[in-house]
2 protein chains.
Amino acid sequence: MANYAKASLPVIKRLPKYYRYLKALQASGITSISSRELASQMGTTASQVRQDFNCFGDVNGRQGIGYSVESLLHMLEGLLFGNGELLPAILIGTGRLGKAVSRFIATSTNGFRLIAAFDVSEDEVGKTVNGIQIRHINELDTFCRQYHPQVAVLCLPREGAMQLSGTLVELGIRGFWNFSHYDLSVPYPQVICENVHLGDSLMSLGYRLRNE
Amino acid sequence: MANYAKASLPVIKRLPKYYRYLKALQASGITSISSRELASQMGTTASQVRQDFNCFGDVNGRQGIGYSVESLLHMLEGLLFGNGELLPAILIGTGRLGKAVSRFIATSTNGFRLIAAFDVSEDEVGKTVNGIQIRHINELDTFCRQYHPQVAVLCLPREGAMQLSGTLVELGIRGFWNFSHYDLSVPYPQVICENVHLGDSLMSLGYRLRNE
């Protein structure tokens, strides 16, 4: 597995999609697939498929047979989930959106484990989300020093994210799944940040509908 | 406003981010900004900022002064929101995620208007989401023929999305905000589809945390 570090962000962002498609193929009993066929199902090109898989060096399609679905899945699982250890994550902000997205972390299928949830609202504290008790944000410091979460899911407004992200980085958070409108990778370039700006996504859909 | 159609998808996807940053600048009383300063705040480069704005032809920065924040906002509002008419949208699937994301459509700030919500569950039908009554999916056809929604927000599982998207396209839906794991732009290349694959986003965060 040669060139991990060389995979560019666009390639990395495509890995989960390959994973999803190959899982679906496996579930329907398909054991091998050509780059052309996989590309056509996924709406991309055979050459992109081959280039993407080449980044990870150790899977080769065979002329006339194609790639082994099992080998590709094995490779992708190694890349996406490592040795299977789940990354401990905390949710900050347990409003509607926080509750909805915490489901993606509460199940182990994406490689994460929800270990705590925090909010400022007294109405939320003490309730549960996906079986996890909601704590007051005041407990954040103590909790992180004891349990060492690595990932924070930010489902709070821009101002709250701005105030809190420095503290989270200091407390050892190295990855953010960021739903706030605060682009924290600008002040903290050392952290890994996956932004989901839903408003932006919707506005760019609007642009395309109005202008294309 | 020359080159709309020439703006590439990556440029289009950056427009909402410019809009957010410029709104924040305007709110703090700043009237002009250089490409360099804007780029540094946004974590990009001055040359990208200039290139992006050049795509839309009619805004030029002035040497030593920079861009007029107001002019840029005027341009971006025109691009993102057209003449201000809200795009009529329906929500399909009123589970936790559907309820959470419908907020982005129910407020007018993103350029959309939620006009109906549908679900298959009898537990959901008759309840409301953001003040809109939830209808049974059986009413979809009649509703669309009468009210002509243009956009569908898909918050349902892959199988449901697969079954329903052909019907939605036939009923005149031309834009999708797609949270399902069904890549409907493959079978329906004529529609405009903005995919939000939350599981994919989380998995690629996991990859970067495990491999970078």
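On a predicted model such as this, the values are computed, not experimentally measured, just so you know.

Reading guide: rules and limits
Residues numbered from 1 in each chain as written. Chains lettered and ligands numbered in written order. Predicted model: local features only at pLDDT ≥ 70, side-chain atom pairs only at ≥ 80, totals over all residues. Heavy atoms only, no water. Pairing = 2+ DSSP bridges. Helix = DSSP H or I, 4+ residues; strand = E, 2+ residues; numbered from the N terminus. Contact = heavy atoms within 4.5 Å. Axes fitted to C-alpha atoms, helices over the stretch in contact; angles between N-to-C directions. Least-squares fit on C-alpha atoms with pLDDT ≥ 70 in both. Domains from an automatic or database assignment. Expected span 1.5 Å × (residues − 1). Buried < 20%, exposed > 50% of the residue type's maximum accessible area, 1.4 Å probe, protein only. Core = buried A, V, L, I, M, F, W, Y, C linked by side-chain atoms within 4.5 Å. Arc of directions from axis to C-beta. Buried area = accessible area lost by both parts, 1.4 Å probe. Salt bridge = Lys/Arg side-chain N within 4 Å of Asp/Glu carboxyl O. Polar contact = N/O pair within 3.5 Å; in protein donor to acceptor, adjacent residues only side chain to side chain. Parallel < 35°, antiparallel > 145°, perpendicular 65-115°, else oblique. Nonpolar A, V, L, I, M, F, W, Y, C, P; charged D, E, K, R; others polar. Phe/Tyr/Trp six-rings, centres within 6.5 Å; stacked < 30°, edge-to-face > 60°. Lys NZ or Arg CZ within 6 Å of the ring centre and 35° of its normal.

A. Structural view of the sheet that holds strand 8 (residues 175–178) of chain A. The strand order across the open sheet built from seven strands is 5-6-4-3-7-8-9 (chain A), with neighbouring strands paired in mixed fashion. In this open sheet, the two strands that pair with only one neighbour each are strand 5 (128–129) and strand 9 (192–195) of chain A. Sheet analysis places strand 4 (residues 112–119) of chain A next to strand 6 (residues 132–136) of chain A, joined by three bridges and oriented parallel. Opposite A:Phe118, over in strand 6 of chain A, you have A:Arg135 as the bridge partner. Each of strand 3 (87–92), strand 4, strand 5, strand 7 (151–154) and strand 8 of chain A is contacted by helix 5 (residues 96–106) of chain A, which is oriented at about 155° to strand 4 of chain A, the strand it contacts most. Lying over the sheet, helix 8 (residues 198–211) of chain B contacts strand 3, strand 4, strand 7, strand 8 and strand 9 of chain A, oriented at roughly 170° with respect to strand 9 of chain A.

B. Expanded view of the relation of the copies chain B and chain A. Once chain B is rotated about the relating axis by 180° and shifted along it by 0.0 Å, it coincides with chain A to within an RMSD of 0.0 Å. With respect to symmetry, the two chain copies, as superposed, fit the operation of a two-fold axis. Both copies contact each other with a shared surface, as 100% of the interface residues of chain B are interface residues in chain A too.

C. Looking closely at the domain arrangement of chain A. The domain architecture assigned to chain A consists of domain 1 (4–81) and domain 2 (87–201). On a C-alpha basis, the centroid separation for the pair domain 1 of chain A and domain 2 of chain A is 31 Å.

D. A look at helix 4 (residues 69–81) of chain A. Compared with an ideal rise of 1.5 Å per residue, which puts 13 residues at 18 Å, helix 4 of chain A spans 17 Å between its outermost C-alpha atoms and is within 8% of the ideal. Those residues of helix 4 of chain A that sit buried are A:Val69, A:Leu72, A:Leu73, A:Met75, A:Leu76, A:Leu79, A:Leu80 and A:Phe81. Buried positions along helix 4 of chain A lie against helix 1 (9–27), strand 1 (32–33), helix 3 (46–54) and strand 2 (67–68) of chain A together with helix 8 of chain B. At the C-terminal side of helix 4 of chain A, A:Gly82 shows a positive phi close to 55°.

E. The nonpolar core, seen in detail. Ranked by size, the top nonpolar core spans 50 residues in total, and within it A:Trp177, A:Phe179, A:Leu198, B:Trp177, B:Phe179 and B:Leu198 carry the most contacts. Apart from residues lying up to four places away in sequence, B:Phe179 is in contact with A:Leu198, B:Leu97, B:Val101, B:Val153, B:Leu154, B:Cys155, B:Val196 and B:Leu198.

F. Main features of helix 6 (residues 140–147) of chain B. Residues and elements named next belong to chain B. The set of residues buried in helix 6 consists of Leu140, Phe143 and Cys144. The arc that holds the buried residues of helix 6, viewed along the axis, is 95°, so those residues lie on one side. In helix 6, the exposed positions angled more than 90 degrees off the buried face are occupied by Thr142, Arg145 and Gln146. Phi turns positive one or two residues past the end of helix 6, at His148, with a value near 50°.

G. Summary view of the interface of chain B and chain A. Each partner contributes residues to the interface: chain B has 64 residues there, and chain A has 64 residues. Around 6,000 Å² of area is buried between chain B and chain A when both sides are counted, 63% of it from carbon and sulfur atoms. The partner of A:Asp200 in a salt bridge is B:Arg20, and the shortest N-O contact between them spans 2.8 Å. Across the chain B-chain A interface, the total number found is 28 residue pairs in polar contact (both at pLDDT 80 or more). Of all the secondary structure elements, the ones that give two or more residues to the side of chain B that touches chain A are helix 1 (9–27), helix 2 (35–42), helix 4 (69–81), helix 5 (96–106), strand 8 (175–178), strand 9 (192–195) and helix 8 of chain B.

H. Molecular detail of the packing of helix 1 of chain B against helix 2 of chain B. Residue and element names in this part refer to chain B. Axis separation between helix 1 and helix 2 bottoms out at 11 Å; the angle between their running directions is 105°. For the element pair helix 1 / helix 2, the angle class is roughly perpendicular. Mapping the contact onto sequence places Lys17, Tyr18, Tyr21, Leu22 and Leu25 in helix 1 and Leu38, Gln41 and Met42 in helix 2. Among the residues forming the contact of helix 1 with helix 2, the class breakdown is six nonpolar, one polar and one charged.

I. Focus on the packing of aromatic side chains. All names here are of chain A. Summed over all chains, the structure comprises 16 aromatic pairs over all chains. Judged by centre distance (4.8 Å) and plane angle (55°), the ring pair of Tyr18 and Phe53 falls under tilted. With Tyr18 in helix 1 and Phe53 in helix 3, the pair connects residues that are 35 residues apart, well separated along the chain. Phe53 matches Tyr18 in its accessibility class, with the two residues each being buried. A connected cluster of aromatic rings, assembled from ring pairs, spans Tyr18, Phe53 and Tyr67. Over the ring of Phe104 we find Arg103; its NZ or CZ atom is 4.8 Å from the centre of that ring.

J. Quick look at the pattern of salt bridges. This model, assessed by the stated rule, comprises 18 salt bridges over all chains. The partner of A:Arg14 in a salt bridge is A:Asp52, and the shortest N-O contact between them spans 2.8 Å. Here A:Arg14 is found in helix 1, whereas its partner A:Asp52 is found in helix 3, with 38 residues between them in sequence. Overall, A:Arg14 belongs to the partly exposed group, its relative accessible area being 25%. Residue B:Arg208 is joined to A:Glu194 by a salt bridge in which the shortest nitrogen-to-oxygen separation is 3.8 Å. Here the residue B:Arg208 occupies a position in helix 8, and A:Glu194 occupies one in strand 9, the pair thus bridging two chains.

K. Molecular detail of the packing of helix 2 of chain B against helix 3 (residues 46–54) of chain B. Residues and elements named next belong to chain B. The contact between helix 2 and helix 3 brings their axes to 8 Å, and the two run at 110°. As far as their axial angle goes, helix 3 and helix 2 are roughly perpendicular. Residues Ser35, Arg36, Leu38 and Ala39 of helix 2 form the contact with helix 3, whose participating residues are Ala46, Val49, Arg50 and Phe53. When its residues are assigned to classes, the contact of helix 2 with helix 3 shows five nonpolar, one polar and two charged.

L. Up close: the sheet that holds strand 9 of chain B. All names here are of chain B. Strand order across the open sheet formed by seven strands is 5-6-4-3-7-8-9, with mixed pairing between neighbours. Taken across any chain shown, the strands that pair with only one partner, and hence form the sheet edges, are strand 5 (128–129) and strand 9. The pairing of strand 3 (residues 87–92) with strand 4 (residues 112–119) spans six bridges and is classified as parallel. Within strand 4, the residue paired with Leu87 across the bridge is Phe112.

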